[in-house]
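The primary structure of each chain is shown beneath.
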There are 2 protein chains.
Amino acid sequence: MKPSTLALALAAAAFTLPAAAQHKPEQVIHYRQSAMTMIGWNFGALGAMVKGKTAWDAKQFAVHADRIASLAPQVLEGFAPGSDKGAKTEAKPGIWTNYDDFKAKDSDLVKQTQALSDVARGGDETAMKAQFKKTGEACKACHDKYKQE
Amino acid sequence: MKPSTLALALAAAAFTLPAAAQHKPEQVIHYRQSAMTMIGWNFGALGAMVKGKTAWDAKQFAVHADRIASLAPQVLEGFAPGSDKGAKTEAKPGIWTNYDDFKAKDSDLVKQTQALSDVARGGDETAMKAQFKKTGEACKACHDKYKQE
């Protein structure tokens, strides 16, 4: 996504919530778990590069970052109201009782992943690694509070 | 994605294959199933509009189409060699014995989903519905041959 698409991405995350209304709770849960799996897969590829487990490849980094920036705005509808139960889930009930706080954390994830994609297009390794860290912190801020370990 | 990014998307689908090498077969299988779930979720939202089950919303259509165009190039690495076994899967073994044919079908999916995103940005309802159909045919061409029902 281009930098100018951040507002669109945030708006999209909000206005596509009705899509979740067509689904049963277990389908919503399965969808959010799929989104997390895909984000984790791509973030893991970045982490491997950042930690030196795989060779540094700025272009490949940018591909994964771009994917994550596209995936992040798809997360929120996977936590639609009513999807707290229905299948095995690591999502804590506090998500739906503190939904505004949860949404704020989700919005930060969208912003940080967009910044990651933008920075990656610049190709500056130091900046990419710094934004990778900030993105990981956005993941962790939400997991610490709302994910059962 | 912009039209000019199709070549990049196809290249990305190829050059990120090594990412799969970091994973166990069951992780690759789980990843591809997640990609399919997310594509299905977003494609289902389009189908609901096309079939008149939900109100036509060209902007929402474009959001889902853009997501699908980003997800499609992520599919191939979910079918990395060696991931034919390792977890419950609907993928037929023929995928890996006819890998060039499978990759050609995957490339067609990437092309059709990119066209779907491009057409959706134009906002022409008739063209969007026509390209939705062509995209569905690209899904079906592969499922008919390589997915166990």
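See above for the structure.
Report follows, based on the coordinates. Please read all numbers here as calculations on a predicted model, not as lab measurements.

**A look at the overall build of chain A**
Phase 1 of the analysis: Summing up its helical and strand segments, chain A has six helices and zero strands in all.
Phase 2 of the analysis: Counting from the amino terminus, chain A carries its helices and strands in the arrangement α-α-α-α-α-α.
Phase 3 of the analysis: Put simply, chain A has 149 residues, and 46% of those count as buried.
Phase 4 of the analysis: Across chain A, every contact between residues at least 6 apart in sequence was considered, and the portion connecting residues at least 24 apart equals 75%.
Phase 5 of the analysis: Approximately 7,000 Å² of chain A is accessible, and the part contributed by carbon and sulfur atoms is 57%.

**Regarding the pattern of salt bridges**
Residue and element names in this part refer to chain A.
Phase 1 of the analysis: Applying the stated criterion across every chain, the model contains 14 salt bridges over all chains.
Phase 2 of the analysis: A salt bridge links D144 to K140; the shortest N-O distance between them is 2.7 Å. Here the residue D144 and the residue K140 both occupy positions in helix 6 (residues 125-146), the gap between them amounting to four residues, near one helical turn.
Phase 3 of the analysis: Among the residues examined, K140 registers a relative accessible area of 49% and is labelled partly exposed.
Phase 4 of the analysis: Several salt bridges converge on common partners, so that one network encompasses D101, K105 and K145.

**Focus: the interface of chain B and chain A**
How large an interface is tends to be reported as the accessible area lost when its parts come together.
Phase 1 of the analysis: Every contact between the two is made by 32 residues of chain B and, on the other side, 32 residues of chain A.
Phase 2 of the analysis: Of the roughly 2,700 Å² buried between chain B and chain A, counting both surfaces, carbon and sulfur atoms make up 67%.
Phase 3 of the analysis: Looking at the side of chain B facing chain A, the largest losses of area belong to B:M38, B:W41 and B:R67, adding up to 29% of the total buried there.
Phase 4 of the analysis: Counting across the chain B and chain A interface gives two salt bridges.
Phase 5 of the analysis: The shortest N-O distance in the salt bridge between A:E77 and B:R67 comes to 3.0 Å.
Phase 6 of the analysis: At the junction of chain B and chain A, the tally comes to eleven residue pairs in polar contact (both at pLDDT 80 or more).
Phase 7 of the analysis: At the level of elements, helix 1 (6-15), helix 2 (25-50) and helix 3 (58-71) of chain B are the ones that each hand at least two residues to the side of chain B that touches chain A.
Phase 8 of the analysis: It is helix 2 of chain B that contributes the most residues to the side of chain B that touches chain A, 13 residues altogether.
Phase 9 of the analysis: Residue classes in the side of chain B that touches chain A are distributed as 14 nonpolar, 14 polar and four charged.

**Examining the layout of surface pockets**
Regions of empty space are outlined by a rolling probe, equal in size to a water molecule, passed over the atoms.
Phase 1 of the analysis: Space inside the second largest pocket adds up to approximately 780 Å³.
Phase 2 of the analysis: Of all the secondary structure elements, the ones that give two or more residues to the lining of the second largest pocket are helix 2 (25-50) of chain A together with helix 2, helix 5 (99-122) and helix 6 (125-146) of chain B.
Phase 3 of the analysis: Looking at which element gives the most residues to the lining of the second largest pocket, the answer is helix 2 of chain B, with ten residues.
Phase 4 of the analysis: Looking at the lining of the second largest pocket residue by residue, the classes come out as 13 nonpolar, eleven polar and six charged.

Rules and cut-offs
- Residues numbered from 1 in each chain as written.
- Chains lettered and ligands numbered in written order.
- Predicted model: local features only at pLDDT ≥ 70, side-chain atom pairs only at ≥ 80, totals over all residues.
- Heavy atoms only, no water.
- Helix = DSSP H or I, 4+ residues; strand = E, 2+ residues; numbered from the N terminus.
- Buried < 20%, exposed > 50% of the residue type's maximum accessible area, 1.4 Å probe, protein only.
- Contact = heavy atoms within 4.5 Å.
- Areas by Shrake-Rupley, 256 points an atom, 1.4 Å probe, with all protein chains shown as cover.
- Salt bridge = Lys/Arg side-chain N within 4 Å of Asp/Glu carboxyl O.
- Buried area = accessible area lost by both parts, 1.4 Å probe.
- Polar contact = N/O pair within 3.5 Å; in protein donor to acceptor, adjacent residues only side chain to side chain.
- Nonpolar A, V, L, I, M, F, W, Y, C, P; charged D, E, K, R; others polar.
- 1 Å grid on protein atoms, 1.4 Å probe; cavity = no way out; pocket = protein on both sides within 12 Å on 5 of 7 lines; lining within 4 Å.
- Points joined across faces, edges and corners; volume = space filled by probe spheres on them.

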